[in-house]
Amino acid sequence: MLEYIDKCFDITRNKPENIGPLKLAYIGDAVYELIIRSIIMDGRDLSVKKLNKEAQQLVNAGTQAKLAKKMLPEFNDTENAIFHRGRNAKNNSMSKHSDIHDYRIATGLEAVFGYWYLSHQTERAVLLLQNAMKESAK
């Protein structure tokens with residue numbers, strides 16, 4: 001899929017490190033949700049209602065902040081810099097269901113997911129997210 005997107009759109013032709021943190025978070029939010037949905041569907045025969053309920057528990061600022069804290073030690077220097085740029089970016093929107101601290105950490109994590117997607121590192125994104133989810137389940 002990414003190869004086709006590369007052919008069609010300019011966003012993947014830019015160096016992801018040079019894209020603004022809120023734009024990385026914008027695309028990263030969708031990437032994160034797609035990976036979460038894929039993980040929860042993997043090998044399970046659940047109704048869409050149950051899948052949505054499970055996804056909602058994982059796709060929110062509070063959970064993303066907890067997972068980010070598990071993932072941070074695994075970030076390389078570039079990922080760490082992008083995370084901090086995303087976390088510290090001035091954003092005029094705010095989640096209705098989370099505190100500002102969790103929201104900012106979630107934005108930083110989403111920026112990293114955007115970076116991974118645009119730099120063709122979705123395998124790393126999936127691996128680190130799965131590991132963080134396993135750690136959180138302990």
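Above this text you will find the structure in question.
Description of the structure in this document. Residues take numbers from 1 onward in each chain, read along the sequence in its written order. pLDDT decides what is reported in this predicted model: residues at 70 or higher carry local features, side-chain atom pairs at 80 or more are listed and counted, and totals for whole chains, interfaces and linings draw on all residues regardless. By convention in this description, side-chain values take in all heavy atoms of the structure and omit both hydrogens and water.

**Topic: the overall build of the protein**
- Numbering of helices and strands starts at the N terminus; helices are DSSP runs of H or I of at least 4 residues and strands are runs of E of at least 2. The number of helices and strands found in the protein is seven helices and zero strands.
- Counted from the first residue to the last, the protein has its helices and strands arranged as α-α-α-α-α-α-α.
- Each residue is assigned to one of three classes by its accessible area relative to the maximum for its type, calculated with a 1.4 Å probe on protein chains only: buried under 20%, partly exposed between the two thresholds, exposed over 50%. Relative to its full complement of 138 residues, the protein shows a buried share of 38%.
- The contacts in the protein between residues at least 6 apart in sequence include a share of 69% that link residues at least 24 apart.
- On the protein, roughly 8700 Å² of surface is accessible, and the fraction owed to carbon and sulfur atoms is 52%. By the convention used here, residues are in contact when the closest approach between their heavy atoms is within 4.5 Å. In this description, accessible areas are obtained by the Shrake-Rupley approach with a 1.4 Å probe, and a residue is regarded as covered only by the protein chains that are shown.

**Concerning helix α3 (residues 48-58)**
- Listing the buried residues of α3 in full gives Leu-51, Ala-55 and Leu-58. Along the long axis of α3, the arc covered by the buried residues comes to 60 degrees, so they all point the same way. In α3, the exposed positions that point more than 90 degrees away from the buried face belong to Lys-49, Lys-50, Lys-53 and Gln-56. The directions considered for the arc run from the helix axis to the C-beta atoms.

**Section: helix α5 (residues 77-88)**
- The span expected for a helix works out to 1.5 Å for each residue beyond the first. If you check α5, its first and last C-alpha atoms are 16 Å apart, about what twelve residues at 1.5 Å a residue would give, namely 16 Å.
- Of all the positions in α5, only Glu-79, Ile-82, Phe-83 and Gly-86 are classed as buried. The buried residues of α5 all sit within an arc of 105 degrees when viewed along its axis, so they share a single face.
- Tucked inside the fold, the buried residues of α5 contact α2 (21-41), α4 (61-71), α6 (100-118) and α7 (122-137).
- Of the residues flanking the start of α5, the one acting as N-cap is Asn-76, its side-chain oxygen 3.0 Å from the backbone nitrogen of Thr-78. Between N or O atoms, a polar contact is any pair within 3.5 Å; within protein, one atom must be a potential hydrogen donor and the other a potential acceptor, and residues adjacent in sequence are included only when both atoms are from side chains.

**Comments concerning the nonpolar core**
- Remark: nonpolar core denotes a set of buried residues (Ala, Val, Leu, Ile, Met, Phe, Trp, Tyr, Cys) joined through side-chain atoms within 4.5 Å. Membership of the largest hydrophobic core comes to 33 residues, with the highest contact counts inside it found for Tyr-32, Met-71, Phe-75, Leu-109, Phe-113, Trp-116 and Leu-129.
- Residue assignment for this core shows that the elements contributing at least two residues are α2, α3, α4, α5, α6 and α7.
- Considering each element in turn, this core owes the most residues, nine residues, to α6.
- Not counting residues up to four positions away in its chain, the partners in contact with Tyr-32 are Leu-58, Val-59, Gln-64, Leu-67, Leu-109, Phe-113 and Leu-129.

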